[in-house]
Amino acid sequence: MKSEIAARKAAGQDWLRAVPGPLHAWLVPIAIVALWQIAGGLGWISATLLPTPLTIAKQFVSLGLSGELWEHFQISILRALSGFVLGGLTGLALGLSTGLGKMAERTLDPSLQMLRTVPLLSLIPLFILWFGIGEFSKILMISLGAFFPMYVNTFLGIRSVDVKLYDVSRIFQYSKLQLVIRLIIPAALPNILLGIRLSLGVSWLVLVVAEMMGTSAGIGYMIQDARAYSQTDIVFVGIIIFAIVGKLSDSVVRLLESKLLRWRETYKG
Amino acid sequence: MLQEGISKGAVAIPAEPMRRQKRIDRRFLIKFTNALIGWMVPLVIVMVWQAAGALGWLNPILLPTPLAIWNELVHLTSTGELIQHLGISSWRALLGFLLGGSLGLAAGIWVGFSYKAERLVDPSLQMLRTLPHLAIAPLFILWFGFGETSKILLIAKGSFFPLYVNTFLGIRSVDNRLFDVARVLQFSRWDLILRLIVPASLPNIFLGIRLSIGVAWLGLVVAELMGSSSGIGYIINDARSFSWTTVVFVGIIVFALVGKLSDSLVKWLEGRLLRWQDSYKGGDKS
């Protein structure tokens, strides 16, 4: 019975086996892009609605060479980073205080959890009313987005530290500061790093929306401006950049994660 | 000796329920004080806010008092305006969620079952997943205009991925030994799906549904803020342009409430449908 299934499986994989394994992932995207290019080249699809991949690549290069792309890119990155740092640090600090202190948990945590139910992006109009469309409201918006994942995960990380380790630290007569630096922070690090990753993701998402709601610079502005003039290829370039940077920042934190958490036994397996 | 043992037992029997009662009382008291402390901070904030607003320390255009917001909420509800826009918004979110969610579920099941589909399709979908969900909005507006189609598609696109990823994960995490049992029982392929795989991957599918609803709601907010002529997002944006801050607040509160309610509804459904799970009862009692 097993061999029969295995045989059927082998037959099913037959034509897949002819292709080397690492290439499998690329088969469908390459086929789609090729079809898209051919259909566009033959004039089957409107160039204003769906420019060919080649046109998009050309636009990418020309925007990159003219320095326009780089300029918008720098502005966006700066915004996202400052918002992330502001919100992430606040989240870390509050997460540490609610995680370590019973009283802080009882008073602050329920209010913060209540605030967390408000959809973040519905606050954009309010922020525009309060602070205008300037830098300040954007950075505040991003930091608010970055705050919650960081806060929740820091808190969770601290609370999931093994109680037995606390007992050990008591035997070693750790001071309060030593306890935090040498036990709690390392033990909560996996969760904190997860918080950093989620925070970065949210700040990037909020940046996208904040920039499309109204700015005069940044990748989001570039997209919105291009949309107004129906320059679809530039819209695509902007979206691709958003995707690449989002992916890259995630990978960087993952790399950091695997470096910093190398001491964990479960991690390698 | 024997006498003593018996008398001890006789004393212990009536004392036991009383002690338990006391313990329950104390637990209730702790819970109650915790809730009280939890509500203290928001209550104090709201009271200070109201007092400061009433004394004229706050600019009512920037920060109306809680009472004014409440009055606006009552007013908008009584005129039926709020209900009407909420209906439109909910309809959009529901349509988008159903479209994207069912596609995500179908794709997840397909990729979960077929080795070939996993090798070929999954990497492409994972690549698409890296696109920030809302960055696609301008492209959809270009393609489909500001109408319903672009909104619903945006919501559908958002709710596709959480359901897809979690269904796939759920199917792949079904215990292999259960498959062997199913083979021994000579389940047909259909039986296998309905009686083993769907129930076993249900927890993950529910997680996917909850995440999907959250994303659908978020997508709705942004789609309606970007440009529409009805719905809660429109109310907010319209009120913003006339500086009716109370209405903006009402809109945000409605968004938060409905988002929370839909999440609770799925959680409740999850609890009912997954009651057979052994591990489930112990974990989440609060």
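Worth saying up front: this structure is predicted, and the values here are computed from it rather than measured. (Residues numbered from 1 in each chain as written. Chains lettered and ligands numbered in written order. Predicted model: local features only at pLDDT ≥ 70, side-chain atom pairs only at ≥ 80, totals over all residues. Heavy atoms only, no water.)

Trainee: Would you take a moment to explain the overall build of chain A for this structure?
Mentor: Within chain A, the secondary structure is distributed over 13 helices and zero strands. Its helices and strands taken in sequence order, chain A reads α-α-α-α-α-α-α-α-α-α-α-α-α from the N to the C terminus. For a compact globule of 269 residues, the expected C-alpha radius of gyration is about 18 Å, and chain A comes in at 24 Å, more than 25% above that figure. In terms of principal-axis extent, the alpha carbons of chain A reach across some 75 × 70 × 35 Å. A burial count over chain A gives 41% of its 269 residues as buried. A total accessible area of about 14,500 Å² is found for chain A, and carbon and sulfur atoms account for 69% of it. In chain A, 23 positive and 15 negative side-chain charges are present, and the distance between their average locations comes to 9 Å. (Helix = DSSP H or I, 4+ residues; strand = E, 2+ residues; numbered from the N terminus. Rg over C-alpha atoms; globule rule 2.2 N^0.38 Å. Buried < 20%, exposed > 50% of the residue type's maximum accessible area, 1.4 Å probe, protein only. Areas by Shrake-Rupley, 256 points an atom, 1.4 Å probe, with all protein chains shown as cover. Lys, Arg positive; Asp, Glu negative; His and termini not counted. Charge placed at Lys NZ, Arg CZ, Asp CG, Glu CD.)

Trainee: Explain the UniProt feature "domain: ABC transmembrane type-1" (unreviewed entry) in chain A to me, please; I cannot follow it from the model alone.
Mentor: Mapped onto this structure's residue numbering, the UniProt feature "domain: ABC transmembrane type-1" (unreviewed entry) falls at residues 73–253 of chain A. For the annotated span residues 73–253 of chain A, helix accounts for 86% and strand for 0% of the residues, and the straight-line distance between the end C-alpha atoms is 20 Å. (UniProt positions renumbered as here; feature names shortened; annotations may be inferred.)

Trainee: Quick question: what am I supposed to make of the domain arrangement of chain B here?
Mentor: It is common to report an interface's size as the accessible area lost on association of the parts. Assigned domains of chain B: these are domain 1 (1–58) and domain 2 (66–283). Put simply, the middle of domain 1 of chain B and the middle of domain 2 of chain B, counted by C-alpha atoms, are 38 Å apart. (Domains from an automatic or database assignment.)

Trainee: Looking at this structure, how should I read the nonpolar core?
Mentor: A general feature of soluble globular proteins is that nonpolar side chains tend to end up buried together. Membership of the largest hydrophobic core comes to 76 residues, with the highest contact counts inside it found for Leu-121 and Phe-242 of chain A together with Leu-82 of chain B. Ignoring sequence-local partners within four residues, the contact set of Leu-82 of chain B consists of Leu-73, Leu-76, Thr-77, Ile-232, Ile-235, Val-250 and Val-254 of chain B. Ala-107, Val-111, Val-165 and Phe-168 of chain B belong to the second largest nonpolar core, which has 11 residues in total. (Core = buried A, V, L, I, M, F, W, Y, C linked by side-chain atoms within 4.5 Å. Contact = heavy atoms within 4.5 Å.)

Trainee: Would you take a moment to explain the packing of helix H5 (residues 68–100) of chain A against helix H8 (residues 135–159) of chain A for this structure?
Mentor: When two helices pack together, their arrangement is given by the angle between their axes and by how far apart the axes lie. Residue and element names in this part refer to chain A. At a minimum axis separation of 6 Å, H5 and H8 run at an interaxial angle of 35°. Here the hand of the crossing between H5 and H8 comes out right-handed. Split by residue class, the contact of H5 with H8 holds 15 nonpolar, 11 polar and four charged. (Axes fitted to C-alpha atoms, helices over the stretch in contact; angles between N-to-C directions. Left-handed = near helix turned anticlockwise from the far one by under 90°. Nonpolar A, V, L, I, M, F, W, Y, C, P; charged D, E, K, R; others polar.)

Trainee: I tried to follow the packing of helix H7 (residues 124–131) of chain A against H8 of chain A on my own but got confused; where do I start?
Mentor: Residue and element names in this part refer to chain A. One can describe the packing of H7 onto H8 by two numbers: an axis separation of 9 Å at closest approach and a directional angle of 140°. Classified by the interaxial angle, the pair formed by H7 and H8 is oblique. Helix-helix and strand crossings are classified by hand; for H7 and H8 the assignment is right-handed. For the pair formed by H7 and H8, the contact residues are Ile-124, Phe-127 and Phe-131 on the first element and Phe-136, Ser-137, Leu-140, Met-141 and Leu-144 on the second. Residue classes in the contact of H7 with H8 are distributed as seven nonpolar, one polar and no charged. (Parallel < 35°, antiparallel > 145°, perpendicular 65-115°, else oblique.)

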